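Descriptive analysis of the structure
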Amino acid sequence: QVQFVESGGGLVQPGGSLRLSCAASGSSFSIYVTGWYRQAPGKQRESVAAITTNGMTKYTDSVKGRFTISRDNAKKTVNLQMNSLKPEDTAVYYCNIASWATMEPSTRGAWGQGTQVTVSS
């Protein structure tokens, strides 16, 4: 399995920005679609964004135009630039291997600890 370590979360005011990073381990990282996911308190985990090995991207509707996913296969990292943050973006954010068709997570990856993002004034 590919394993991930997320970082970059924190407390930010509404309208602010954060950049999350995800470091992957495992030689096969570069061949997989990778996604960002989030889980808010009391809610199910949801897909946020996904990126193919050659940089094609897709986003859930609620973050389109505000979030940007990117990856560096050489460095085995996936980033999520989050702008115009809203209180409803508050959640623990995770990355994992993803299905391009559904953006659902794959069992080829292992969940990390995630990174907390809190949007509040």
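You'll find the structure just up there.
We now turn to the structure provided with this report. (Residues numbered from 1 in each chain as written. Predicted model: local features only at pLDDT ≥ 70, side-chain atom pairs only at ≥ 80, totals over all residues. Heavy atoms only, no water.)

Checked against the element boundaries, Gln1 lands in the segment before β1 (2-7). Judged by relative accessible area, Gln1 falls into the exposed class, the value being 67%. In this structure, the C-alpha to C-alpha distance between Gln1 and Ile31, residues 30 residues apart in sequence, is 13 Å. The contact partners of Gln1, leaving out residues within four places of it in the chain, are Thr107, Arg108, Gly109 and Ala110. (Helix = DSSP H or I, 4+ residues; strand = E, 2+ residues; numbered from the N terminus. Buried < 20%, exposed > 50% of the residue type's maximum accessible area, 1.4 Å probe, protein only. Contact = heavy atoms within 4.5 Å.)

All told, the structure shown has two aromatic pairs when counted by the stated rule. Ring plane angle 80° and centroid distance 5.4 Å describe the contact between Tyr37 and Trp111, whose orientation is recorded as edge-to-face. In this pair, Tyr37 sits in strand β4 (residues 34-39) while Trp111 sits in the loop between β10 (109-110) and β11 (115-119), placing the two residues 74 residues apart along the sequence. Taking the relative accessible area as the measure of exposure, Tyr37 reaches 1% and is therefore buried. When its relative accessible area of 35% is taken as the criterion, Trp111 is described as partly exposed. Aromatic ring contacts, followed pair by pair, group Tyr37, Tyr94 and Trp111 into a single cluster. Sitting over the ring of Trp111, Arg45 keeps its end group 3.9 Å from the ring centre. (Phe/Tyr/Trp six-rings, centres within 6.5 Å; stacked < 30°, edge-to-face > 60°. Lys NZ or Arg CZ within 6 Å of the ring centre and 35° of its normal.)

On the basis of which strands lie adjacent, the open sheet formed by five strands has the order β7-β8-β3-β1-β10 and mixed pairing. The sheet terminates laterally at β7 (67-72) and β10, the two strands that pair on one side only. (Pairing = 2+ DSSP bridges.)

Tallied over the full model, the rule gives four salt bridges. Between Asp61 and Lys64 there is a salt bridge; the shortest N-O distance is 3.0 Å. The exposure class assigned to Asp61 is exposed, which follows from its relative accessible area of 62%. Here the salt bridges do not stand alone but share partners, grouping Arg38, Glu46, Arg66 and Asp89 into one network. (Salt bridge = Lys/Arg side-chain N within 4 Å of Asp/Glu carboxyl O.)

Here we take up the side chain of Asp89. Structurally, Asp89 is set in the loop between β8 (77-82) and β9 (91-97). A polar atom in the side chain of Asp89 sits 2.8 Å from the side chain of Arg66. Every residue in contact with Asp89, bar those within four places of it in the chain, is listed here: Arg38, Arg66, Phe67, Ser84, Val117 and Val119. (Polar contact = N/O pair within 3.5 Å; in protein donor to acceptor, adjacent residues only side chain to side chain.)

Here we take up the state of the cysteines. Applying the stated criterion across every chain, the model contains one disulfide. Two residues, Cys22 and Cys95, share a disulfide whose sulfurs are 1.7 Å apart. Disulfide Cys22-Cys95: the torsion about the S-S bond is 65°, which places it as right-handed. One end of the pair, Cys22, is in strand β3 (residues 18-25); the other, Cys95, is in strand β9, and 73 residues separate them in sequence. Like Cys22, the residue Cys95 is buried in the burial classification. (Disulfide = S-S within 2.5 Å.)

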